[in-house]
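# Summary of structural features
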Amino acid sequence: MIKFRCTDCTQKMGVPDEYAGKAVRCPRCKARVAVPLPEPEPLPAVDEIPMEVVDEAPDDGLGPLDLASIEPPAVQPGNLRTVDDRPVCDACGKHYNPGAAICVHCGAPLKKGFKKQKTQVLQEAGAADGDADENKPLSSYLIRLAAAAAVGLIFTGIWLGVVKWTGYELGFLAWALGGAVGFAAGIEMKNQPAIYGAAAAGIAFLSIAAAKGVMFWSVFTGSNFLGIIPPEFEADYELRYYAVMMAMADNGELNQRLTTHAQADLAYYFDDPQADALLDAVPDEGYFEDAMKLDRQVERRVEGMTPEQLDAAKSAALARYPQFAATYEDAAVFSGGGNTFNVIFSLLATVGLFDLLWMVLAVGTAYGVAMS
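What comes next is a walk through the structure. (Residues numbered from 1 in each chain as written. Predicted model: local features only at pLDDT ≥ 70, side-chain atom pairs only at ≥ 80, totals over all residues. Heavy atoms only, no water.)

### With respect to the pairing of strand β2 (residues 12-15)
Along β2, the buried face is formed by M13 and V15; none of K12 and G14, which line the opposite face, is buried. Across four bridges, the pairing between strand β1 (residues 2-5) and β2 is antiparallel. Residue K3 lies in a different strand from β2, and its bridge partner there is G14. The turn joining β1 and β2, which pair antiparallel and follow one another in sequence, is formed by six residues; a positive phi near 65° is taken by T10. (Buried < 20%, exposed > 50% of the residue type's maximum accessible area, 1.4 Å probe, protein only. Helix = DSSP H or I, 4+ residues; strand = E, 2+ residues; numbered from the N terminus. Pairing = 2+ DSSP bridges.)

In structure tokens:
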């Protein structure tokens, strides 16, 4: 009976001697385990071997042996092995003959292509096989970091595209960015130094910061090319709103009650002297309900119009009220610029508490994935 342990789960096992050198399945973890060869039987002690005492050796006719006259054989080049270049078992560190299926020393299964004597020499010198990545050239790290930077740039573009077409930022994109950057940096790497993981985390941070920087610039310059600034903060918003209301009232798009309400609102906005008289004509009953209905209809109409149509409505309103046009100034809350208010407004419009939390999660994910 051969007794041994599973190399995966250390389960004790025992099989008959005829299974020596074969592979069996562990009953606990189901892994295939090579059965070691049985230990050779010990030689009998010297005192147990029967000895025959001979008084005198028989004469063989060759005469006495002259050891001084015997010359050693000549050593031919290549016949003298100075270094054992046979493969080395990873389990016990001893040499085995090429082509063997299991190690005769420890019974571990052998794989093709085990590192040979030079690997053993490196291990004995203190350079373990697991530390091989620490000796990689700097270019190997730089190539993977460059790939990580490219991935970060791609995710930055995706982020800005989502903001442009939906008007929303998706926090999980920052998390995905961190994971993708870390994966690109850590692929086929192991035992890399901590500064390498910090570099991957830095790339993730800069990628997110780049997206936030573009968003900040969109708000700060007033161009709003990403559509971040709400419509009520844009230039000429109120004028366009009332200009569209005037056009709807003129075109008969409103019922009688809402038309009366719209005429009173237009008179007050454009400083018409008849504003009080028009307001008296608005029924008191249902006043606030009519105001809300009118606002919803005008808002929907504004959202469905092109910039050219809005500009045309604005020009028509200014033409109808020339006195208002002469004194009108753009009263937009925000129109871009370098003053302190605009800087603070731009920051608040692009960076919030949840943005910082997602950024921390993305940076931590990039570091963890790159180091794993």
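### Things to note about helix α5 (residues 237-250)
With 14 residues, α5 should cover 20 Å at 1.5 Å per step; its first-to-last C-alpha distance of 20 Å lies within 8% of that length. With eleven of 14 residues buried, α5 is to be regarded as a mostly interior element. Those residues of α5 that sit buried are Y237, L239, R240, Y241, Y242, A243, V244, M245, M246, M248 and A249. Buried residues along α5 sit against α6 (256-269), α8 (287-303), α9 (307-320) and α10 (322-327). (Expected span 1.5 Å × (residues − 1). Contact = heavy atoms within 4.5 Å.)

### Quick word on the packing of helix α3 (residues 171-186) against helix α12 (residues 353-371)
Viewed as axis vectors pointing N to C, α3 and α12 meet at an angle of 20°, and their least axial separation amounts to 7 Å. By the angle class used here, α3 and α12 are roughly parallel. As α3 packs across α12, the resulting crossing turns out to be right-handed. Note on element contacts: α12 touches α3 through W358, L361, A362, T365, A366, V369 and A370, opposite G171, F172, A174, W175, G178, G179, G182, F183, A185 and G186. Taken together, the residues of the contact of α3 with α12 sort by class into eleven nonpolar, six polar and no charged. (Axes fitted to C-alpha atoms, helices over the stretch in contact; angles between N-to-C directions. Parallel < 35°, antiparallel > 145°, perpendicular 65-115°, else oblique. Left-handed = near helix turned anticlockwise from the far one by under 90°. Nonpolar A, V, L, I, M, F, W, Y, C, P; charged D, E, K, R; others polar.)

### Some points on the side chain of D290
Its place among the elements puts D290 in helix α8. Those residues in contact with D290 that sit more than four places away from it in its chain are R257, L258 and H261.

### Brief notes about the packing of aromatic side chains
Per the stated rule, a full pass over the model turns up eight aromatic pairs. Look at Y242 and Y269: their rings are 4.3 Å apart centre to centre, the planes differ by 15°, and that puts the pair in the stacked class. A residue pair is termed long-range when its members are at least 10 positions apart, and Y242 in helix α5 and Y269 in helix α6 qualify at 27 residues. Each member of the aromatic cluster is reached from another via a ring pair, and the members are Y241, Y242, Y269, F270, Y321 and F324. Between the NZ or CZ atom of K22 and the centre of the ring of Y19, over which it lies, the distance is 6.0 Å. (Phe/Tyr/Trp six-rings, centres within 6.5 Å; stacked < 30°, edge-to-face > 60°. Lys NZ or Arg CZ within 6 Å of the ring centre and 35° of its normal.)

### Overview of the nonpolar core
Of all hydrophobic cores here, the largest spans 26 residues; its most connected members are W159, A185 and I208. Sorting the residues of this core by element identifies α2 (138-166), α3, α4 (194-220) and α12 as the ones contributing at least two each. If sequence neighbours within four positions are ignored, W159 has contacts with E169, L173, A174, I208, A211, K212 and M215. Counting 25 residues, the second-largest nonpolar core is a separate cluster that includes Y237, L258, L310 and Y321. (Core = buried A, V, L, I, M, F, W, Y, C linked by side-chain atoms within 4.5 Å.)

### A look at the pattern of salt bridges
Per the stated rule, a full pass over the model turns up four salt bridges. A salt bridge links D250 to R320; the shortest N-O distance between them is 2.6 Å. Highlighted residues: D250 in helix α5 and R320 in helix α9, separated in sequence by 70 residues. Measuring nitrogen to oxygen at the nearest pair gives 2.7 Å for the salt bridge that ties R257 to D290. Note that R257 is positioned in helix α6 and D290 in helix α8, a separation of 33 residues in sequence. (Salt bridge = Lys/Arg side-chain N within 4 Å of Asp/Glu carboxyl O.)

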